[in-house]
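# Results of the structural survey
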Amino acid sequence: MKKVLFTFFFIFVLGSAGVYAQCDHDALLKQALNEMGSGQYIKDFIVELKKGDGQSGSVKYSVILNSRSQYKFNVVNASGNAEKVLMELYDGEKLLVSNKVQGKMYKAFGYICRSTKVYSLVFSFPEGSEGCARAVLSLQKQFQSGEMGF
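In this report, the structure presented in the accompanying data block is examined. (Residues numbered from 1 in each chain as written. Predicted model: local features only at pLDDT ≥ 70, side-chain atom pairs only at ≥ 80, totals over all residues. Heavy atoms only, no water.)

### Thoughts on helix α2 (residues 25–35)
What α2 keeps buried is the set His25, Leu28, Leu29 and Ala32. Seen from one end, α2 has its buried residues packed into an arc of 100 degrees, which puts them on one side. Residues of α2 that are exposed and point more than 90 degrees away from the buried face comprise Asp26, Lys30 and Asn34. Buried residues along α2 sit in contact with β1 (40–49), β3 (69–77) and β10 (131–142). After α2 finishes, the residue Gly37 shows a positive phi value of roughly 90 degrees. (Buried < 20%, exposed > 50% of the residue type's maximum accessible area, 1.4 Å probe, protein only. Helix = DSSP H or I, 4+ residues; strand = E, 2+ residues; numbered from the N terminus. Arc of directions from axis to C-beta. Contact = heavy atoms within 4.5 Å.)

Pasting the structure below:
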């Protein structure tokens, strides 16, 4: 009986270790920061969705963006993901920009903010897939009054 229990415990530990190895958030953050470019780091976001955990199939973050500023949002997917994560920026219910354009998924998108307020950053996987990712928000440029029509 002890051998059977030990075997089940051993299999459980190995299975759990495999799941955590796929979602090494520190390594994903390091990669996202490397891909951030020359911008100034502002914030990072953890994306981890699993089937059957009662979530809506998406993760939503609130971000405050300032007017007259150009931002870059980049995301890094874990190697074990079946699909790439969809990253979308909303102003209320209005979709402003996404990393999916004409059916192709990109690692990043830029956004020039014209109004200081709270925006929603939403992450999801196609068809409710599960997976994990890490995203970084960075400031690329601040415009002066009169520049770029501000």
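### Structural notes on the state of the cysteines
For the structure shown, the criterion picks out 1 disulfide. Disulfide partner of Cys23: Cys132, at an S-S distance of 2.2 Å. Here Cys23 and Cys132 share a disulfide; its torsion about the S-S bond, -110 degrees, makes the bridge left-handed. Of this pair, Cys23 sits in the loop between α1 (2–22) and α2 while Cys132 sits in strand β10; the two residues are 109 residues apart in sequence, bridging distant segments of the chain. On the basis of relative accessibility, which here comes to 0%, the residue Cys132 falls in the buried class. (Disulfide = S-S within 2.5 Å.)

### Considerations on the packing of aromatic side chains
A full pass over the atoms with the stated rule returns 5 aromatic pairs. For the pair Tyr61 and Phe123, a centre-to-centre distance of 6.2 Å together with 80 degrees between the ring planes defines the contact as edge-to-face. Remark: Phe123 occurs in strand β9 (residues 117–124) and Tyr61 occurs in strand β2 (residues 58–65); sequence separation between them is 62 residues. Residue Tyr61 is classed as partly exposed on the basis of its relative accessible area of 24%. One aromatic cluster is present, formed by Phe45, Tyr61 and Phe123 through successive ring pairs. (Phe/Tyr/Trp six-rings, centres within 6.5 Å; stacked < 30°, edge-to-face > 60°.)

### Let's talk about unusual backbone geometry
As a rule of thumb, non-glycine residues mostly have phi less than zero, and peptide bonds are mostly trans rather than cis. Even without being a glycine, Arg68 presents a positive backbone phi close to 60 degrees. The residue Arg68 is located in the loop between β2 and β3 in this model. Looking at Arg68, the relative accessible area reads 35%, which means it is partly exposed. Unlike most non-glycine residues, Gln102 shows phi in positive territory, near 50 degrees. If you trace the backbone, Gln102 turns up in the loop between β6 (100–101) and β7 (104–105).

### Some remarks on the sheet that holds strand β5 (residues 94–98)
Sheet architecture is open: 4 strands sit in the order β2-β9-β4-β5, paired in antiparallel fashion. Looking at which strands have only one partner, the edges of the open sheet turn out to be β2 and β5. Mean inter-strand twist for the sheet, computed between neighbouring axes without regard to direction, equals 30 degrees. As paired strands, strand β4 (residues 86–91) and β9 are joined by 5 bridges and run antiparallel to one another. The partner of Met87 across the bridge, within β9, is Phe123. (Pairing = 2+ DSSP bridges. Axes fitted to C-alpha atoms, helices over the stretch in contact; angles between N-to-C directions.)

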